[in-house]
Amino acid sequence: MPFKFHLKKSRQYNVISKNQYVICVELLDTGSIECTLDVQSLGHECLTNVAQRLGLGQPEFFGLSYISHHGSPATRWVQMDKPLKRQLEKEARSFNLRLRVMYFITDVQLIQDEITRYHYYLQLKMDVIDGRIHCNSREASTLASYSMQAEFGNYDPQRHTAEYLQQCILFSKNVIQADSSGQDSLLSAAIVRYKNLSGLTQAAAEELYVSIAVHLEGYGRETFAAKDDANNEIFLGISMNGIIIGYSNVQLTSFYRWKDISNVINHKKTFKIECQAENEEPKQFHFSDARTAKYVWRLCISQHTFYMQHQESNLVNKMSNSHLDPDNIDVRDEIRDVNIDNEAKATSQAHFNSCNDISSSPFPVAASSINLDTLRALLPSYRPAPDYDTAVQRKYNTAPNGSHHYYANQSNVHSPSLAHEVCMSTIISPELSSLLGNAVNRSRY
């Protein structure tokens, strides 16, 4: 009788499957992309993956957002320099992300890539329809006409009837409710404008939509509810040019430009703004929880960094030829009247191919008006590593007398000496410090 060997079945363990996971990213065109990432992958690796698959030539304008599971549903941005999986497990309701525009600009000519401009247009259209960008009925009709031209091409009376266009979402609920005649009158006005846009390329319509939306109230702004020292309810808005403070019960707002702010400080539930003007007292605000206060503080840093890298350096050369100055934008500015007679001039300036183009453009694609020096300025600046003596001075806090600029987060600091070390450990780069003013070393809290 032959011997029988009873071998125990062993389960094969796939190490690769354990170290990887799949995440779904919702796109601005309502599509989605699934990304396979490593458990140690950082946020920017996921964004790079999505940008490469979409063909985004300027991914620096975009970010990844999720819905937080802390408190009421709120949208939060992924930290690009932190492991993505760890962030979502700790903060998000699910592993579903959304690709959105995080950093806004004041000049559409800064967008040099057609795919980027198309998604930028989709973001602004979403903000207008959702009511985050405010406009009156005339502005809404004008934007709707550009949207129809951008998505449908030239007006076709047999296809683009009022019944057909009513199925499209073109206006926000607030605009419809504010208009006495309702949606029908808004749509009729938009169709009249749409007919007059015949011959305008879809790419030019997208660019004109963006150029109008950048002047509207609420553009590029994220708002958060807070209270001031007098316990008055306020909203704190973080925008591309600075910080906006508004009171809900009165028509009063204050605007602090990035160049006028010397420091932003976070300590538990408190958020403080320090200005460079010596006679101006710091502005302090209180949030309902420390998590939101720290998030707003972190958002201020990222927005200020983008402002320094992509706004100041790129718009200086344009100010002499443009009437738009980002530092002179008032938060209560309303869009100037849009004159359709000037559309021919605006059309000649458009130099993009549209992702929606269904026919050949009747206008030749013009070369970009931005020279090579301006394009090089879009690249972030890099600093050489410090020499040995400088590194030792920074490490042991023995730098020569001279003020350093920093963002202070004191959430976990309990002693003045330790607070000083934490503040000095968050020294930002010299190219950012030029707009932050002189910070004074002192004991805090």
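Residues numbered from 1 in each chain as written. Predicted model: local features only at pLDDT ≥ 70, side-chain atom pairs only at ≥ 80, totals over all residues. Heavy atoms only, no water.

Secondary structure assignment for the protein yields 15 helices and 13 strands. Here the protein holds 445 residues, and the buried ones make up 45% of them. Carbon and sulfur atoms form 50% of the exposed surface of the protein, whose accessible area is close to 24300 Å². (Helix = DSSP H or I, 4+ residues; strand = E, 2+ residues; numbered from the N terminus. Buried < 20%, exposed > 50% of the residue type's maximum accessible area, 1.4 Å probe, protein only. Areas by Shrake-Rupley, 256 points an atom, 1.4 Å probe, with all protein chains shown as cover.)

Below, the discussion takes up the pairing of strand β1 (residues 20-26). Side chains Tyr21, Ile23 and Val25 project from β1 onto a buried face, and the interleaved Gln20, Val22, Cys24 and Glu26 project onto a face without burial. Here seven bridges tie β1 to strand β2 (residues 32-38), and the two strands are oriented antiparallel to one another. When the sheet's bridge partners are listed, Ile23 is paired in β2 with Cys35. Counting the residues between successive antiparallel strands, the hairpin from β1 to β2 contains five residues, one of them, Thr30, with a positive phi of roughly 75°. Of the strand pairs in this sheet, β1 and strand β5 (residues 96-101) are connected by three bridges, and their pairing is parallel. Looking at the pairing, Cys24 lines up with Asn96 of β5. (Pairing = 2+ DSSP bridges.)

Opposite charge on two side chains lets them pair, provided their charged atoms get close. For the structure shown, the criterion picks out seven salt bridges. With its nearest N and O atoms 2.0 Å apart, the salt bridge here joins Glu206 to Arg117. Residue Glu206 is located in helix α9 (residues 202-213), and its partner Arg117 is located in helix α4 (residues 114-130); the two are separated by 89 residues in the primary sequence. Accessibility expressed as a relative area gives 0% for Glu206, which makes it buried. Classification of Arg117 as buried rests on a relative accessible area of 0%. Notably, a salt bridge pairs Arg132 with Asp127, separated by 2.6 Å at the nearest N-O pair. Each of Asp127, Asp130 and Arg132 takes part in salt bridges that share partners, so that together they form one network. (Salt bridge = Lys/Arg side-chain N within 4 Å of Asp/Glu carboxyl O.)

With 66% of its residues at a pLDDT of 70 or more, the protein has an overall mean of 76. Long-range and interchain partners of residues 401-406, a stretch whose pLDDT sits below 50, account for 21 contacts in this model, where long-range means more than four residues apart. (pLDDT = per-residue confidence, 0-100. Contact = heavy atoms within 4.5 Å.)

Looking at the element boundaries, His119 is found in helix α4. Dropping the residues within four chain positions of it, His119 is found in contact with Leu28, Leu54, Leu56, Phe62 and Val101.

When you line up the elements, Glu91 lands in helix α3 (residues 84-91). For Glu91, a relative accessible area of 15% corresponds to the buried category. The residues contacting Glu91, other than those within four sequence positions of it, are Tyr66, Ile67, Ser68, His69, His70 and Arg291. Side chain to side chain, Glu91 and Arg291 meet in a polar contact 2.9 Å long. (Polar contact = N/O pair within 3.5 Å; in protein donor to acceptor, adjacent residues only side chain to side chain.)

Next up on the list: the packing of helix α5 (residues 137-152) against helix α8 (residues 183-196). Close contact between α5 and α8 brings their axes to 8 Å; oriented N to C, the two are set at 55°. In terms of orientation, α5 and α8 fall into the oblique class. Helix-helix and strand crossings are classified by hand; for α5 and α8 the assignment is right-handed. Every residue of α8 that contacts α5 at Ser137, Arg138, Ser141, Thr142, Ala144, Ser145, Met148, Gln149 and Phe152 is listed here: Leu186, Ala189, Ala190, Ile191, Arg193 and Tyr194. Taken together, the residues of the contact of α5 with α8 break down into eight nonpolar, five polar and two charged. (Axes fitted to C-alpha atoms, helices over the stretch in contact; angles between N-to-C directions. Parallel < 35°, antiparallel > 145°, perpendicular 65-115°, else oblique. Left-handed = near helix turned anticlockwise from the far one by under 90°. Nonpolar A, V, L, I, M, F, W, Y, C, P; charged D, E, K, R; others polar.)

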